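Summary of the model geometry
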Amino acid sequence: MSAPTEVKRQGLFRRLYTGTGAFDLVGKRKRFYLFFGALVVISLVSIIVRGFNFSIEFEGGTQIQLPGISSHGAISTTQVTDVYTKALGQAPSSVQSVGTGKQASIQIRSEALTNDQVGTVEQALFTQLQPVDGAGQPSRQAISDSAVSASWGGEISRQALIGLIIFLVLVSVFMAIYFQWAMAVAAIVALFNDIIVTAGVYSLVGFQVSPATVIGLLTILGFSLYDAVVVFDKVKENTRGLLQLTRRTFGEEANLALNQTLMRSINTTLIGLLPVLGLLVVGVGILGVGTLQDLALVQLVGMLSGAMSSIGLATPLMVDLRMRQVPYQQQAQRVLRRRAQQAAKRAAAEAAGQEIVPENAGPEDLEDSSDEVLDAEVRKERAYAAAASVPARTQKARSNTRNGRPSGKRRR
């Protein structure tokens, strides 16, 4: 690796970790709007055209379950599908393996079957596959069936919708009181974006929408709002008393807050994705549990979408809503006028070969660098840490020496 490339990477990661406002995320908000708008359009088109692959809990039907072990060895889902198709002349809706080893079982889900059809399928499965019971003996009683009503899934969906509405109302009220109405609106818009994108991914991939999917969709609501609340709290801190200052505009302060919390958002998302990936790898790849697959996918997509929307959608949208207010527009105009005056002074000073420092210069007149301020704070923290690591006796001896009293025993 060449030296310039190494220096460039170090500079990138340093700016990413220090959060000095080097990334103009708010200034590029139109690009983010186009990106998230495209995601929403694709998701809505897929939902309308392709629809969802609802599980048996939502559409109703028959579920048949048999052990995954026979007297001849393990039973595969392909064998079960072939036996079912030959017995009834039609393929089942889904066949999946659950569990591993002796605890493995196979679940068959199909549209509603009559008692005669269920008996035909169970007899064919027992005759051709010979599933064994707990004692290891082939048994037809090891095959069970149940009828699932679509009303159960509908009740879950209804309760989930009620919970979603209550959640949105409470969050909106809290954010409007603690922050401001612009932040509440931006957070809710980002939340709807995450829900639509997650639903669109489910429609595109074709995974079954099961009660676990609905539960997972409710769990991502907190993830979606977490990063937005963290950024908004930093924005609130940075913009306290902003209307009386002329150093930065509201958009610039919001962008600085976004940079200061950017690495925290990335780290939190990466750490949160680790157990979700564990669900996908262990639960689906090793254990073969389809329910974990439904739960893991919705959380994976929801967490990624929530992290992206809090960075590229919620904060920029909040800035646009806030800049519609006259006081913030006037403050931005004062900032631009001050910068124009400073530029004119610098140009005149350069032309005359002089360096002009304004009289009675205040904090806003001295253009200090954020990197320099940060470096000074880091040096101060290191100095405090070094002082804390010195033994107490050494510190006392140094203190006595500074006060003119030498340490140790006095000679006689």
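Structure shown above.
Each value, and the rule that gives it
- Residues numbered from 1 in each chain as written.
- Predicted model: local features only at pLDDT ≥ 70, side-chain atom pairs only at ≥ 80, totals over all residues.
- Heavy atoms only, no water.
- Helix = DSSP H or I, 4+ residues; strand = E, 2+ residues; numbered from the N terminus.
- Buried < 20%, exposed > 50% of the residue type's maximum accessible area, 1.4 Å probe, protein only.
- Contact = heavy atoms within 4.5 Å.
- Areas by Shrake-Rupley, 256 points an atom, 1.4 Å probe, with all protein chains shown as cover.
- Axes fitted to C-alpha atoms, helices over the stretch in contact; angles between N-to-C directions.
- Parallel < 35°, antiparallel > 145°, perpendicular 65-115°, else oblique.
- Left-handed = near helix turned anticlockwise from the far one by under 90°.
- Nonpolar A, V, L, I, M, F, W, Y, C, P; charged D, E, K, R; others polar.
- Salt bridge = Lys/Arg side-chain N within 4 Å of Asp/Glu carboxyl O.
- Pairing = 2+ DSSP bridges.
- Phe/Tyr/Trp six-rings, centres within 6.5 Å; stacked < 30°, edge-to-face > 60°.

Glancing now at the overall build of the protein chain. Broken down by element type, the protein chain carries 14 helices and 8 strands. Put simply, the protein chain has 412 residues, and 36% of those count as buried. A sequence separation of at least 24 residues applies to 74% of the contacts in the protein chain between residues at least 6 apart. As displayed, the protein chain offers around 23,900 Å² of accessible surface, 59% of which is attributable to carbon and sulfur atoms.

Another aspect to go through is the packing of helix α8 (residues 211–238) against helix α9 (residues 250–260). Direction vectors running N to C along α8 and α9 enclose 130°, while the axes themselves pass 8 Å from each other. Comparing the axis directions of α8 and α9 gives the class oblique. α9 is crossed by α8, and the crossing has right-handed handedness. For the pair α8 and α9, the contacting residues are Val231, Lys234, Val235 and Asn238 in the first and Phe250, Glu253, Ala254, Leu256, Ala257, Leu258 and Gln260 in the second. Residue classes in the contact of α8 with α9 are distributed as 7 nonpolar, 2 polar and 2 charged.

So, about the pattern of salt bridges. Pairs may arise between side chains of opposite charge once their charged atoms sit close together. Across all of its chains, the model carries 5 salt bridges by this definition. Across the pair glutamate 122 and arginine 140 runs a salt bridge whose closest N-O atoms are separated by 3.7 Å. With a gap of 18 residues between them, glutamate 122 in helix α5 (residues 115–129) and arginine 140 in the loop between α5 and β7 (144–148) connect regions that are remote in the sequence. A salt bridge links arginine 339 to glutamate 252, with the nearest nitrogen and oxygen atoms 2.6 Å apart. Of this pair, arginine 339 sits in helix α12 (residues 326–352) while glutamate 252 sits in helix α9, placing them 87 residues apart in sequence. The class of glutamate 252 is partly exposed, set by a relative accessible area of 30%.

Strands belonging to one sheet form pairs held by backbone hydrogen bonds; the direction of such a pair is parallel or antiparallel. The 4 strands lie next to each other as β5-β6-β2-β7, forming an open sheet whose pairing is antiparallel. Of all the strands in the sheet, the pair left with one neighbour each is β5 (94–98) and β7. With strand direction ignored, the average angle separating the axes of adjacent strands in the sheet is 20°. Looking at chain direction, strand β2 (residues 61–67) and strand β6 (residues 105–110) are connected through 6 bridges and run antiparallel. Bridging across to β6, leucine 66 finds its partner in isoleucine 106. Its contacts with the sheet put α5 on β2, β6 and β7, and the angle it makes with β2 is roughly 20°.

Let's shift gears to the environment of glutamine 244. With respect to the helices, strands and loops of the structure, glutamine 244 is situated in the loop between α8 and α9. C-alpha of glutamine 244 to C-alpha of glutamine 331: the two residues are 87 residues apart in sequence and 7.8 Å apart in space.

Let us look at the packing of aromatic side chains. Two numbers describe a pair of aromatic rings. These are the distance of the centres and the angle of the planes. Taken as a whole and judged by the stated rule, the model has 5 aromatic pairs. Ring geometry for phenylalanine 35 versus phenylalanine 36: centroids 5.3 Å apart, planes at 75°, classification edge-to-face. Considering the side-chain rings of tyrosine 178 and phenylalanine 179, the 4.7 Å spacing of their centres and the 85° angle between planes classify their relative orientation as edge-to-face. By the ring-pair criterion, three or more aromatic residues cluster together here, those being Phe174, Tyr178, Phe179 and Phe232.

For the rest of this paragraph, the subject is the side chain of serine 305. Structurally, the position occupied by serine 305 is in helix α11 (residues 290–322). Beyond its immediate sequence surroundings of up to four residues, serine 305 is in contact with Asn193, Asp194 and Val197.

Let's shift gears to the packing of helix α2 (residues 29–49) against helix α7 (residues 181–205). For any two helices packed against each other, the geometry is given by the interaxial angle and the distance between the axes. For the pair α2 and α7, interaxial distance at closest approach is 8 Å and the crossing angle is 50°. Relative to α7, the element α2 lies oblique. For the pair α2 and α7, the crossing hand works out as left-handed. In contact with Phe36, Leu39, Val40, Ile42, Ser43, Leu44, Ser46 and Ile47 of α2, α7 contributes Asn193, Ile196, Val197, Ala199, Gly200, Ser203 and Leu204. Taken together, the residues of the contact of α2 with α7 sort by class into 10 nonpolar, 5 polar and no charged.

Right, let's get into unusual backbone geometry. The phi dihedral of glutamine 130 is positive, around 55°, even though this residue is not glycine. Along the polypeptide, glutamine 130 turns up in the loop between α5 and β7.

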